Amino acid sequence: MTVVQEDKAAGRRLHQVIEPLKKQFSQQDERVRRYLWPQRILWQSQEGQVEQARCLLSNRQGQVGLGTATCCLMKNHGKPAAILLDFGLEIQGGVQIFLTSFSKGIREVSLRVRFGESAMEAMSDVAGSTATNDHAVRDQVIQASTLGMTEVGNTGFRFARIDLMTEMELEINEIRAFLVYYDLEYQGSFHCSDPLLDQIWLTGAYTVHLNMQNYIWDGIKRDRLVWVGDMHPETLTIQTVFGKTDLIHRSLDFVRDTTPLPGWMNLIPSYSMWWIIIQHDLYLWSGDLSYLKSQKTYLTRLLLQLRGCVRGSGRSDTPDTRFLDWPSSKDQAALDAGLQALHILTLEAGASLMTVLEDEETARLCREGAVLLRAYPVKQPARKQAAALMVLAGIADAAETNQALLAVGQAKGLSSFYGFYVLKARAMAGDITGSLQAIRDYWGGMLSLGATTFWEDFNLDWLDHAARIDELPGAGQIDVHAAYGDYCYRGYRHSLCHGWASGPTSWLMEAVLGIRIQAPGCRSILLRPDLGDLEWAEGTFPTPAGPLHVRCERQSDGRIKTEYQAPDGIDIRVQDGDVR
């Protein structure tokens, strides 16, 4: 046998080994990796410990060499040398560290690596502070390879602090971050006469994009779980920006399959309600009847379970844990009113889905339950979150509620999750101008502090004497990340990239461009634009049939001129404006 023949035979043998193993591969990672180099050296330890750090800002090759390239020199002569790097924006991933040379006789290098969504989080210790390694390790000591590359990290971060723990002098050739994400096209777009709103729209899209990992998470540092209630704003953002993706189906099915009835999704009854509402909104956008049919058995049983939580008096009586969002969690009146409204929205959405699935008996029971819930007297609560749900459910007047509560103090009292539903309720009252200003103040307030993604929570009061998250606080400035937060998100545990905060991204398309889906699969769309205080706005909305382009512009007489280009098979109707 020739050498060539022997090689072919070896190749066949290798193929015979690998092919059976493929059956054991449970899941292929569809994500991609991209690399980022530091944009700034934000801080370094005392003079003489770190030299030539600026060479780390150069884009290099991702490979250690034995040439004469300038390296960053770190010196530990009894005290760790350290450097704080800023990669310019929040990402999901870790860092690669390339070490060139080392002190004679030393073969093992200990490095401490700390990640942070804010600069100060990367400077913090887990012990004795609110910093945490929950969900993702952000503070660890590693053994690094010399004349090679060491990779560390699987978390959400923008900043990384590297400490040389071994007493030695060390040359670092390169440090770069790797970003792990789904390489999806941004099919949707939004632009208007206010650049701040454009930035907010895109930041909401990017926030959710980072959380689109193998499942849809709520946070890339903390809350790396499929929280199905939190997914409602996320799924609307995904449909607005990316169109169809199997990640929504995968995540919804994961929660379903890990929650056997009569259990409640994420142990929270309202989150099982949100699962039904997401199914309704997903079907309205996609028109995917085959997927909806695959949910029928579980959906029917869950709807009957929720119908059983409607008492004869019409009161919603779901068991603990009764939850809307964290800021309203200790307000019993808000919880009762909000859950009453959410129960109505759920049973009505369920009735619609069961009609599509030709189960008229379950649809009838859902409608009867919604009627009973509507008849139960509910006082308007002091919390905007619950009041907004009452408006959306039709048990509170939109204009009256907006004037009495929702518009009071503008962005005061919002939460990054339920702020979305407050915006929707204010839009129903016709208060687009006030809603736009609330978006500028609240979501724009995070951007003013250096955010590149939207946060788990935010309060306008945090802006007073606040340092930016991409700077180390000066005299008299407050470290916002350390100082604030409550419930499960105190201090540095607070997630600064939370998908539930992306509400303005889909809201701007619906309320300003006026894109309202009227039939499953987007086969019929109503355009009812309202520019508020804007002069013009335009955008692209992905539908299953292709992109819908809409441009609205205020004319000299105050009327709105609306132009659109729609794909074949989409029926467009326009209200309140000139059209062509």
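Here's what I pulled together on the structure shown here.

Cut-off values and rules
Residues numbered from 1 in each chain as written. Predicted model: local features only at pLDDT ≥ 70, side-chain atom pairs only at ≥ 80, totals over all residues. Heavy atoms only, no water. Pairing = 2+ DSSP bridges. Helix = DSSP H or I, 4+ residues; strand = E, 2+ residues; numbered from the N terminus. Axes fitted to C-alpha atoms, helices over the stretch in contact; angles between N-to-C directions. Buried < 20%, exposed > 50% of the residue type's maximum accessible area, 1.4 Å probe, protein only. Contact = heavy atoms within 4.5 Å.

What the 3 strands build is an open sheet, ordered 11-12-16; its pairing is mixed. Each edge of the open sheet is held by one strand with a lone partner, namely strand 11 (515-517) and strand 16 (571-574). Between one strand axis and the next, the sheet turns through 25 degrees on average, direction left out of account.

Mapped onto the secondary structure, Arg 158 falls in strand 8 (residues 148-164). Overall, the relative accessible area of 7% leaves Arg 158 in the buried class. Placed 353 residues apart in sequence, Arg 158 and Ala 511 show a C-alpha to C-alpha distance of 32 Å. Dropping the residues within four chain positions of it, Arg 158 is found in contact with Arg 40, Leu 85, Asp 86, Phe 87, Gly 88, Leu 89, Glu 90, Gly 116, Glu 117, Gly 450, Thr 452 and Asp 470.

Bridge count between strand 13 (residues 536-543) and strand 14 (residues 546-554): 8 bridges; the pairing is antiparallel. Across the sheet, the residue bridging to Thr 540 is His 549, located in strand 14. Pairing of strand 14 with strand 15 (residues 560-565), which is carried by 6 bridges, proceeds in the antiparallel orientation. Residue pairing across strands places Arg 551 opposite Glu 563, the latter belonging to strand 15. Hairpin connection, strand 14 to strand 15: the antiparallel pair is bridged by 5 residues, and Gly 558 has positive phi, about 95 degrees.

Here we take up the environment of Arg 554. Here Arg 554 is to be found in strand 14. Taking C-alpha positions, Arg 554 is 6.1 Å from Trp 536, a pair spaced 18 residues apart along the chain. Ignoring sequence-local partners within four residues, the contact set of Arg 554 consists of Leu 531, Gly 532, Asp 533, Leu 534, Glu 535 and Arg 559.

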